[in-house]
Structure formats: C-alpha cells, structure tokens
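Reading the structure
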Amino acid sequence: QVQLVESGGGSVQPGGSLRLSCAASGFIFSDAVMSWHRQAPGKEREWVAVITVGGATKYPDSVRGRFTISRDNSKNTVYLQMNSLEPEDTAVYYCYSNRAIGYWGQGTQVTVSS
C-alpha cells in the first residue's frame, strides 16, 4: 500500500526557512524519482523540485536558489529545504513519486506572512 506522508509545514515570516519531509512506503524508494509540488488557493498545482534516482536535482525559476531537495534512501524520505521564503510561497506542499502514479498524500501547509 503506497503512502506518502508530508510533514514540517508551518507559519513563518518572509525571509524565514522551513524544512519539509516526506516519508514514503509501499514502493522501492531508491528506484523512484521524487518531486515536490505545491498548490495555492485558487491556483493549479505546480512542480517546485525534483530529484532523480542518482541524486540530480532540478527546480523552476521561481524557487531556484532558495529551495533544495534531497533524499535519504536509508530512511525512505525526501526533504525540501526552503529558505528566503516569500508570501508567494504560501501553499499546501505535496511530494510525489513516479512509482506511485496518481497518488497524492495529504500535504503540509506552508504559510508565509508578516
């Protein structure tokens, strides 16, 4: 049974940092491309980071230089370190796996506000 459990969200002021975690189970994590996505109210879900099986990473322009995705295959966990947060980063954040097509966890809320 596939599970993706996100955690680590919260409320921070602009310029602050948060580290999100996503614990995965139900598939071979080390064989999975993992990604983070977010959805703000009234907007479509968008991709914010991806990490390949080999550890290569990619980001859209909106977060490059501020967000860092990483993985720990020994813990079946993917992380998203978010620095220099902006109000525009406010959203529910989800992780995703290409080994669990169509499955989304419950997400974790990130709110950036002064």
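Described below are features of the structure shown in this document.

Overview of the pattern of salt bridges
Summed over the entire model, instances satisfying the criterion amount to five salt bridges. Linking Arg64 and Asp61 is a salt bridge whose minimum nitrogen-to-oxygen distance equals 2.4 Å. Accessibility expressed as a relative area gives 47% for Arg64, which makes it partly exposed. Residue classification places Asp61 among the exposed positions, given a relative accessible area of 64%. Ionic pairing is found between Asp89 and Arg66, a salt bridge with its closest N-O pair at 2.7 Å. Note that Asp89 is positioned in the loop between strand 8 (77-82) and strand 9 (91-97) and Arg66 in the loop between strand 6 (57-58) and strand 7 (67-72), a separation of 23 residues in sequence. Under the relative-accessibility criterion, Arg66 is labelled buried at 11%.

Criteria and thresholds
- Residues numbered from 1 in each chain as written.
- Predicted model: local features only at pLDDT ≥ 70, side-chain atom pairs only at ≥ 80, totals over all residues.
- Heavy atoms only, no water.
- Salt bridge = Lys/Arg side-chain N within 4 Å of Asp/Glu carboxyl O.
- Buried < 20%, exposed > 50% of the residue type's maximum accessible area, 1.4 Å probe, protein only.
- Helix = DSSP H or I, 4+ residues; strand = E, 2+ residues; numbered from the N terminus.

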